[in-house]
Amino acid sequence: MTAELSFPRQQARTQRFSLGVPRAFTVAPDGSRVLFLRSASGTDRRTGLWSLDVESGQESPLFDPFADNEELSPEERARRERSRESAAGVVGYATDRALTVAAFALSGKVHVTDLAAGTTAELATPGPVIDPRPDPTGRHVAYAVAAGELRVVAVDGTGDRGLAVPDGDEVTWGVAEFIAAEEMDRFRGYWWAPDGDRLLAARVDNTPVQRWHIADPANPGTVPAEIAYPAAGTANADVRLAVLGLDGSRVDVDWDREAFPYVATAHWSAGGAPLVLVQARDQRSQRILAVDPDTGATTVLHEDSDPHWVDIMPGVPAWTRDGRLVRIAAQDGAWRLVVDGETLTGPELQVRSVTSVTTDDILIRASEGDPTQAHVYRVAKDGVERLSVGDGMHAIARGGDVTVRVGTGLGFFGSVAEVFRGDTKVGEIKSLAETPSITPNVQLLELGERGLRGALLLPTGYTSGSLPVLLDPYGGPHAQRVVQTRNAFTASQWLADQGFAVLVVDGRGTPGRGPAWERDIHLDFAGTTLDDQVDALQAAAAQFPFLDLSRVAIRGWSYGGYLSALAVLRRPDVFRAGIAGAPVTDWRLYDTHYTERYLGHPAERPEVYDANSLIEDAPKLSRDLMIIHGLADDNVVAAHTLRLSSALLAAGRPHTVLPLSGVTHMTPQEQVAENLLLLQVDFLKRSLGS
């Protein structure tokens, strides 16, 4: 990285310093090797498949992507957009149980790697393909075809055949629908049986879903893309499940689909029958079902209900290897680990996810007292033991007695991936990421009566004098910005270096502080999340008198964009300027699962949607507002910005709109990402007079 390269360009070129970072670790059950993904450098988008020999510590490239220009189907592009994947090459892979073969898609074709020989073969299969996955025994690879068919082929490329063929133009097999991928973090649409002879597969019919059209105004000759978008209050896709045999058999799974239409998660392990988590449309109840794969009948193992909403927790439900049910439950003000009805963690831990389950123990990620940190714990009969060391955010992958422990912190850039055999460190997987050209100087704060977690960043070398304040939040539910990870604050530090005191705040609704804290936003996005930002600002100013409360601005993207526009519209006494990136402006235009979870059904609670919409507030605008939106965004569609802008124009309220042609909800394009930061700083300096 040359010294002349600006930080905005460096951040854009490195995709926020994520390129070159090892990720997606899989550890062999015998502890012999670790698979992972990594690009060749901190500026190379092409991600390859790598292997670490645990005994020797030698890293070896198994597959180095050769194509600079990938050929991606619309379905694969949509899949990557849902998972926020902006890298190229091998962006995901799957293995058999013993880690002898791996499969992945590249340019819509199935590739299979023999992990012992280190060789990769491209299989002659119909394409373009999505999500190829070997069966647990390593004999076959299943894959979805963009046209909607689910197929299977032997690992040597023979015997390719269809398992499920769509029975309608809008039907797909083996692919997660929009809502599952965007809001449930379920990116898979099929799950192998432990013996490799059957699969549990999702059949999705998008016929009921309304159609929207995403145009490209910069190229008027291009036909608009048609998408099935289930906006709040409208119909969802019809999702069903079936057990498909390699012998051609099909057994449909039966449950009360009218009462529980959402398929939230599915899991099939050696510990027992397939598990499926299904939710009610209003998300106030959900059931864990055990599926009889021979008959399709289901048994209710557990049902949760909550007057606000129930949560989908990563890694559960699951079986232990001796057939006990693992789940995470809200008890005594905390998220707690429960196995066969026995609660195994105390109220001091907020369990975030289950990472690994064996007969002897369970590995979890949890926060203990401090939501800015997440640690890895081993839960067993003899109690709970913390495995991660050092302040920060931690994760783990395990196979046999080998673990890969990944940690971040405020004291170093990027992440560290250490390999342990038992409790002994035996190696480290290298990161090839670029080092940012600036070093954040972060002060972590607890602000106000609610102890809101915040981070304050001042200009490098600052000694004295009043500073304009820039709030830089996300601020919405189930997402954090204030975490003990240095890289999380590089952009905020650069903004501070332009002459601002930057304040980042996580309010109510964010994870790590328990169910009640998360549910405080119920039916009230606008009031609760904005109040927390204002309260935190005022508490910070009381602690740091050099913060100039007469010159305050706010910027954000997605929910943060909504919050920024909301701030200048409803609290002009506090905020002089706002930058709203890809904002939701009318929650009736956002999707069913997210919006109805927090605000209810629009037909039942129209007043809640009105109270949380920005459109009717347009005549109130008296401060500077810049709205930025990608015209190709299929998550928060550009109609949000256009409707707010139209309302502002009708009310005679000056504002700035920056349309981004060809840009989706992400902004991976290097020049676009760089110039967005530069344009925002120019706007802020003019608005605040700094």
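Whatever comes next refers back to the structure up there.
Residues numbered from 1 in each chain as written. Predicted model: local features only at pLDDT ≥ 70, side-chain atom pairs only at ≥ 80, totals over all residues. Heavy atoms only, no water.

Chemist: What is the right way to look at the overall build of the protein chain in this model?
Modeler: Helix and strand counts for the protein chain stand at eleven helices and 44 strands. The globule rule puts the C-alpha radius of gyration for 690 residues at 26 Å, and the 25 Å found for the protein chain is close to it. With the C-alpha coordinates of the protein chain rotated into their principal frame, the extents come out at 70 × 55 × 55 Å. Put simply, the protein chain has 690 residues, and 58% of those count as buried. With 65 positive and 91 negative side-chain charges, the protein chain shows a separation of 3 Å between the mean positions of the two kinds. (Helix = DSSP H or I, 4+ residues; strand = E, 2+ residues; numbered from the N terminus. Rg over C-alpha atoms; globule rule 2.2 N^0.38 Å. Buried < 20%, exposed > 50% of the residue type's maximum accessible area, 1.4 Å probe, protein only. Lys, Arg positive; Asp, Glu negative; His and termini not counted. Charge placed at Lys NZ, Arg CZ, Asp CG, Glu CD.)

Chemist: Even after reading the chapter, I still don't get the sheet that holds strand E21 (residues 262-267), so can you show me in this structure?
Modeler: Hydrogen bonds between backbone groups are what pair the strands of a sheet, and the pairing can be parallel or antiparallel. One open sheet holds the four strands; their spatial order is E21-E22-E23-E24, and the pairing between them is antiparallel. Two strands lie at the open edges of the sheet, namely E21 and strand E24 (298-305), each paired on one side alone. Between one strand axis and the next, the sheet turns through 20° on average, direction left out of account. Where strand E23 (residues 285-291) and E24 come together, seven bridges link them in antiparallel fashion. Residue pairing across strands places Ser285 opposite Ser305, the latter belonging to E24. (Pairing = 2+ DSSP bridges. Axes fitted to C-alpha atoms, helices over the stretch in contact; angles between N-to-C directions.)

Chemist: So what exactly am I meant to see when it comes to the pattern of salt bridges here?
Modeler: When the charged atoms of two side chains with opposite charge come close together, those side chains can pair. Taken as a whole and judged by the stated rule, the model has 41 salt bridges. A salt bridge links Asp682 to Arg686; the shortest N-O distance between them is 3.0 Å. You can see Asp682 and its partner Arg686 sitting in helix H11 (residues 670-688), four residues apart, about one turn around the helix. Taking relative accessible area as the criterion, Arg686 reaches 57% and is therefore assigned exposed. One continuous salt-bridge network, built from bridges that share partners, spans Asp361, Arg378, Asp382 and Arg398. (Salt bridge = Lys/Arg side-chain N within 4 Å of Asp/Glu carboxyl O.)

Chemist: Explanation requested: the nonpolar core in the structure shown.
Modeler: The nonpolar side chains of a soluble globular protein tend to be buried with one another. One finds Leu503, Phe525, Phe575 and Trp587 to be the most contacted residues of the largest nonpolar core, which totals 76 residues. The residues contacting Leu503, other than those within four sequence positions of it, are Leu445, Leu447, Ala455, Leu456, Leu470, Leu471, Asp472, Ala536, Leu537 and Ala540. (Core = buried A, V, L, I, M, F, W, Y, C linked by side-chain atoms within 4.5 Å. Contact = heavy atoms within 4.5 Å.)

Chemist: I keep staring at the pairing of strand E3 (residues 46-53) and nothing clicks. Help me out?
Modeler: Consecutive side chains of a regular strand alternate in pointing toward one face of the sheet and then the other. Across the eight residues of E3, six count as buried, placing the element largely inside the fold. As consecutive antiparallel partners, strand E2 (residues 33-39) and E3 are separated by six residues. What sits between the antiparallel neighbours E3 and strand E4 (residues 59-63) is a turn of five residues, in which Gly57 has the positive phi angle 80°.

Chemist: Please explain the pairing of strand E44 (residues 656-660) as it appears in this structure.
Modeler: Bridging between strand E43 (residues 624-630) and E44 involves five bridges; their strand directions are parallel. Counted as the bridge partner of Ile628 is Leu658 from E44.

Chemist: What should I look at first to understand the packing of aromatic side chains in this one?
Modeler: For any pair of aromatic rings, geometry is given as the distance between the ring centres together with the angle between the planes. Counted according to the given criterion, the structure contains 22 aromatic pairs. Ring centres of Tyr559 and Tyr562 lie 5.3 Å apart, and the angle between their planes is 65°; this geometry places the pair in the edge-to-face category. With Tyr559 and Tyr562 both in helix H7 (residues 559-570) and three residues apart, this pair spans about one turn of that helix. For the pair Tyr559 and Tyr562, one class covers both residues: buried. Plain terms: the ring middles of Tyr590 and Tyr594 are 5.4 Å apart, the flat faces sit at 90° to each other, and that makes the pair edge-to-face. The burial state of Tyr590 is the same as that of Tyr594; both residues are buried. An aromatic cluster is built from Trp309, Tyr474, Phe525, Tyr559, Tyr562, Trp587, Tyr590, Tyr594 and Tyr598, whose rings are joined through pairwise contacts. Over the ring of Trp50 we find Arg38, and its NZ or CZ is 4.2 Å from the ring centre. For Arg405, the ring lying beneath its charged end belongs to Phe420, and the centroid distance is 4.1 Å. (Phe/Tyr/Trp six-rings, centres within 6.5 Å; stacked < 30°, edge-to-face > 60°. Lys NZ or Arg CZ within 6 Å of the ring centre and 35° of its normal.)

Chemist: Just checking my understanding: could you explain the sheet that holds strand E29 (residues 349-357) for this structure?
Modeler: Pairing is antiparallel in the open sheet, where four strands are placed in the order E29-E30-E31-E32. On the outer flanks of this sheet lie E29 and strand E32 (383-386), each paired with one strand and no other. Strand-to-strand twist across the sheet, computed as the mean angle between neighbouring axes with direction ignored, equals 30°. Here strand E31 (residues 375-380) runs beside E32; their pairing, made up of four bridges, is antiparallel. Bridging from a neighbouring strand, Arg378 pairs with Glu385 of E32.

Chemist: It is not clear to me how the side chain of Asp238 should be interpreted in this structure. Could you clarify?
Modeler: With respect to the secondary-structure elements, Asp238 resides in strand E19 (residues 238-245). Leave out the neighbours within four places in its chain, and Asp238 touches Arg203, Val204, Asp205, Pro208 and Arg257.

Chemist: Looking at this model, I keep getting lost on helix H8 (residues 592-599). Mind explaining?
Modeler: For an α-helix, 3.6 residues make a turn, and residues three or four places apart therefore share a direction. With respect to burial, H8 is a largely interior element, eight of its eight residues being buried. Here the buried face of H8 lies against helix H3 (178-183), E21, strand E22 (275-279), helix H6 (525-543), H7 and helix H9 (606-612). The N-cap residue of H8 is Asp591: its side-chain oxygen and the backbone nitrogen of His593 are 3.4 Å apart. Positive phi shows up at Gly600, right after H8, with a value of about 80°. (Polar contact = N/O pair within 3.5 Å; in protein donor to acceptor, adjacent residues only side chain to side chain.)

Chemist: Please clarify how unusual backbone geometry should be interpreted in this entry.
Modeler: The phi angle of most residues is negative, glycine excepted, and most peptide bonds adopt the trans form. Here the residue pair Gly127 and Pro128 is connected by a cis peptide bond, since its omega of -5° sits within 30 degrees of zero. Within the secondary structure layout, Pro128 lies in the loop between strand E9 (119-122) and strand E10 (129-134). Of note, the amide linkage connecting Val316 to Pro317 takes the cis form, showing an omega dihedral of 0°. Along the chain, the position of Pro317 falls in the loop between E24 and strand E25 (318-319). Despite not being glycine, Gln15 has its phi angle at roughly 50°, a positive value. Within the fold, Gln15 resides in the loop between helix H1 (7-13) and strand E1 (23-27). Residue classification places Gln15 among the buried positions, given a relative accessible area of 11%. The phi dihedral of His478 falls on the positive side, at around 60°, and the residue is not glycine.

Chemist: Teacher, can you tell me more about the side chain of His522 here?
Modeler: Looking at where His522 falls in the secondary structure, it is placed in the loop between helix H5 (515-519) and H6. Ignoring sequence-local partners within four residues, the contact set of His522 consists of Pro307, His308, Trp309, Arg597 and Tyr598.

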